[in-house]
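Structure at a glance
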Amino acid sequence: MDRRQMLMTAAALTASAGLTACVGGGGSGVEFHRSKTRQLSSTTRFNAARFAGRWVIRGEFVYPGDKPSFGAVNFAENGGAITALDVYGPSGLLDHYSTKQPAPGRISVGSAPFDTQYWVLWVDADYRTAAIGTPSGSFGWIIDRSNSGGEDRIKAARDVLGFNGYNLSRLKTR
């Protein structure tokens, strides 16, 4: 499944789960990568200008049997906010998204009520490594400015995701 299909599926599943809850449907719902019993918060020391630029995906959550893409992502900044997101795979650009930044460390793709919020949960002091997730738990990444190195920062990002309720057995890193 490519990144666009994954994002579209996550949005559809989130909407479906919400509608099921509204009409009193049974069942356990969709199992995402994060336990929603844990509170999630984005970093308050987010600086869009420092965050902007190219990042390599060093870790991503996948379902059993799926393989990570380990692509790259580029965040564009304008006027102190993240305004666009480009996602790259092995063969080049996969998707371009216009974004909004409703709060520090929170990047929104799409329009309500079907928007997806990507929260920067943690970024190291030098903006070399970051942990990103969604409140629903449908998505999570560890991103880094380099393809290799920084194992201490990758571990810190992993620990932040675990602290925020993510199922670390589904996290694949390189």
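Read on for an overview of the structure. Quantities reported herein were computed from a predicted structural model and do not represent experimental measurements.

What follows covers the overall build of the protein. A tally of regular secondary structure across the protein gives 3 helices and 9 strands. Tracing the protein from N to C terminus, the helices and strands come up as α-α-β-β-β-β-β-β-β-β-α-β. Expressed as a percentage of the 174 residues in the protein, the buried residues total 42%. Relative to all contacts within the protein whose residues are 6 or more apart in sequence, the contacts with residues 24 or more apart total 56%. With the model as given, the accessible surface of the protein reaches about 9000 Å², and the carbon-plus-sulfur share is 54%.

Let's shift gears to the environment of L85. In this fold, L85 is placed in strand β3 (residues 81-89). Take L85: its relative accessible area is 5%, and that puts it in the buried class. Residues L85 and V109 lie 24 residues apart in sequence; the distance between their C-alpha atoms is 8.6 Å. Ignoring anything within four residues of it in the chain, the contact list for L85 reads V73, N74, F75, D95, H96, Y97, T99 and V109.

What follows covers the side chain of T134. With respect to the element layout, T134 can be found in the loop between β7 (129-133) and β8 (140-144). The class for T134 is buried, based on a relative accessible area of 2%. There is a polar contact of 3.2 Å between the side chain of T134 and the backbone nitrogen of F139.

What follows deals with the pairing of strand β4 (residues 92-103). Bridge count between β3 and β4: 6 bridges; the pairing is antiparallel. By the bridge assignment for β4, D86 is matched with H96. Between β3 and β4, which pair antiparallel in sequence order, lie 2 residues. In this sheet, strand β5 (residues 106-109) lies alongside β4 in antiparallel orientation, the contact comprising 3 bridges.

Quick look at the nonpolar core now. Counting residues in each nonpolar core, the largest one holds 22 residues, and the members touching the most others are F51, W55, V73, F75, I132, W141 and I143. Elements supplying a minimum of two residues to this core: α2 (48-51), β1 (53-61), β2 (72-78), β3, β5, β6 (116-123), β7 and β8. In terms of nonpolar packing, the next biggest core, distinct from the first, is built from 13 residues, L121, V160, Y166 and L171 among them.

The next subject is the environment of R54. Mapped onto the secondary structure, R54 falls in strand β1. A sequence separation of 19 residues divides R54 from V73, and the C-alpha atoms of the two residues are 5.8 Å apart. Leaving out residues up to four positions away in the same chain, R54 has contacts with A72, V73, N74, Y88 and R145.

Cut-offs and rules
- Residues numbered from 1 in each chain as written.
- Predicted model: local features only at pLDDT ≥ 70, side-chain atom pairs only at ≥ 80, totals over all residues.
- Heavy atoms only, no water.
- Helix = DSSP H or I, 4+ residues; strand = E, 2+ residues; numbered from the N terminus.
- Buried < 20%, exposed > 50% of the residue type's maximum accessible area, 1.4 Å probe, protein only.
- Contact = heavy atoms within 4.5 Å.
- Areas by Shrake-Rupley, 256 points an atom, 1.4 Å probe, with all protein chains shown as cover.
- Polar contact = N/O pair within 3.5 Å; in protein donor to acceptor, adjacent residues only side chain to side chain.
- Pairing = 2+ DSSP bridges.
- Core = buried A, V, L, I, M, F, W, Y, C linked by side-chain atoms within 4.5 Å.

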